[in-house]
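# Topology and contacts: notes
What follows is each chain in one-letter form.
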Amino acid sequence: MRHKLLYWAIIFVCLTSPAMATSRTWELVRVGGLDYVTLDSFCRFYGFAYRKVGGANTYQTQNEDFSVQFYRDSREMKINNVRSWLSFPVVEYRGDWAISRMDLVKHIEPILRPSQIEGKPRQIDGVVIDAGHGGDDQGAVSRLGKNEKAYALDTALRLEKLLKLAGLKVVMTRRTDRFIDLYQRARIATKYAPNYIFVSVHYNSGDSSARGIETYALAPRNAGSTEYGGRVPRNAQYGLPGNRNDALNILLAHEVQQQMRRLNPRDDEADRGVKRARFVVLKQNSLPAVLVECGFLSNRVEARAVNTPQYRQRAAEAMAAGIRNFIARINPEQRASQTTTAVPASKPGAGVPAPVTATPKTEPVGAKTPNPASGAGITPPKPPAANQAVISPVITPPVVTPAPPVVPLSPSTGAPAGVNLRAPEPDIIIYKPESAPPSKTP
Ligand SMILES: [Zn+2]
């Protein structure tokens, strides 16, 4: 009873005090055996002041830096217009909506507050670029020109040049047309931990109407792959090497997809979004890793575009921009020192370029604070006062035992996101596919 009173007292203060725009309380509920957090408390926590349910099925909210859209009973969401696929659907709960705690901790929080990512590298020195397929493994077959392995290598070599120009070191898993085992690719990456990231470059294949760009990050433990409708497979209960970088994986995927989607301007359907999978090069990787599908060779219009060097150059430029933005977001100081110190572009690893479009604000010193929904990789909460409910820092798999419906969480002093990602559309735009939109459901 006492903690219930405290909870309502906190809510009352938040609602009545204009000086305290963000609540320090998250409301945890159980839905279908899973932990969920109500969107009402989610919005208060991140200072999303403007909330609106657009129609009956869309929930849109925004603060100074981010706009977020959820769709009822759907895993689809958008952060700053970048589509991504949650592990579990957003659900309605007692007149409010709720998002799974898994998705809050493993997907949204790292994107909104990268400064809170525990164990992030102080500096990113370089990138392992992995051109997909090679040798006997042709990859996807194009209707025109060459096959996936050749386009992927060409794009990877273009990306290498751009990153080197930007002062980053680059390691290529292959630079010729040869076969390399997937596990071997991940092993190559391991040698460069922890100050490198890993980007695997591919082109896609599907039915002839499928089109657009998608970026994959490893599925978190106890969550399913996007392509399997979010179903959680039995083996998902085991953590994988790549899960150590869950927070960095999803942030990198978001930043890369944000740039890649601009290859198809004003064509929202061609943004197929950030997705989850357990590909070998992602799950066996000890570096923050993503796999980028740069377009469909099975689609006539896209196959024609991919066959042009201009398109592949733009794909490489977009990936490079996403990588640079990722680096700037996890370490604004690395970016800042580069802007004040002249670093010759020819000196690999000497510095990291300013982001292409983002102008991140640095959070105030000492703002690193406990996170009430902590999972592995994110700062665990402070010990609670005796009369406060506490939430375990470990995310548990779905269980059938029902729990009390509403639990006020222990307060966090976390400040909401301080990163401004709003930016003008960059000039990397030449191409718009004309074919029918693919189904939005993966
Ligand atoms: Zn491929």
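Structure report, in brief.

Cut-offs and rules
Residues numbered from 1 in each chain as written. Predicted model: local features only at pLDDT ≥ 70, side-chain atom pairs only at ≥ 80, totals over all residues. Heavy atoms only, no water. Helix = DSSP H or I, 4+ residues; strand = E, 2+ residues; numbered from the N terminus. Buried < 20%, exposed > 50% of the residue type's maximum accessible area, 1.4 Å probe, protein only. Contact = heavy atoms within 4.5 Å. Areas by Shrake-Rupley, 256 points an atom, 1.4 Å probe, with all protein chains shown as cover. Donors = N, O, S within 2.8 Å, 3.2 Å for Na, K, Ca; no water. Polar contact = N/O pair within 3.5 Å; in protein donor to acceptor, adjacent residues only side chain to side chain.

Assigned secondary structure in the chain consists of 10 helices and 16 strands. With 442 residues in all, the chain has 57% of them scored as buried. Excluding contacts between residues fewer than 6 apart, the proportion of contacts in the chain whose partners are at least 24 apart in sequence is 73%. When the accessible surface of the chain is split by element, carbon and sulfur atoms take 55% of a total near 18,300 Å².

Taken together, His 133 (NE2), Glu 148 (OE) and His 202 (ND1) make up the full set of protein donors to the zinc ion, lying 2.0 to 2.2 Å away. All donors to the zinc ion come from one chain, and their sequence spacing reads H-x14-E-x53-H. With a gap of 69 residues between them, His 133 in the loop between strand S10 (126–131) and helix H4 (148–165) and His 202 in strand S12 (residues 196–204) connect regions that are remote in the sequence.

We now examine the side chain of Asn 63. Looking at the secondary structure, you find Asn 63 in the loop between strand S4 (58–62) and strand S5 (67–71). Side-chain polar atoms of Asn 63 contact the backbone oxygen of Tyr 46, separated by 3.0 Å. Within the local environment of Asn 63, its side chain forms a polar contact with the backbone nitrogen of Phe 66, the two atoms lying 2.8 Å apart.

Quick look at unusual backbone geometry now. Pro 194 follows Ala 193 through a cis peptide bond whose omega is 0 degrees. Along the chain, the position of Pro 194 falls in the loop between helix H5 (182–190) and S12. Here the phi dihedral of Asn 81 falls at roughly 70 degrees; this positive angle occurs in a residue that is not glycine. Within the secondary structure layout, Asn 81 lies in the loop between strand S6 (76–79) and strand S7 (82–85).

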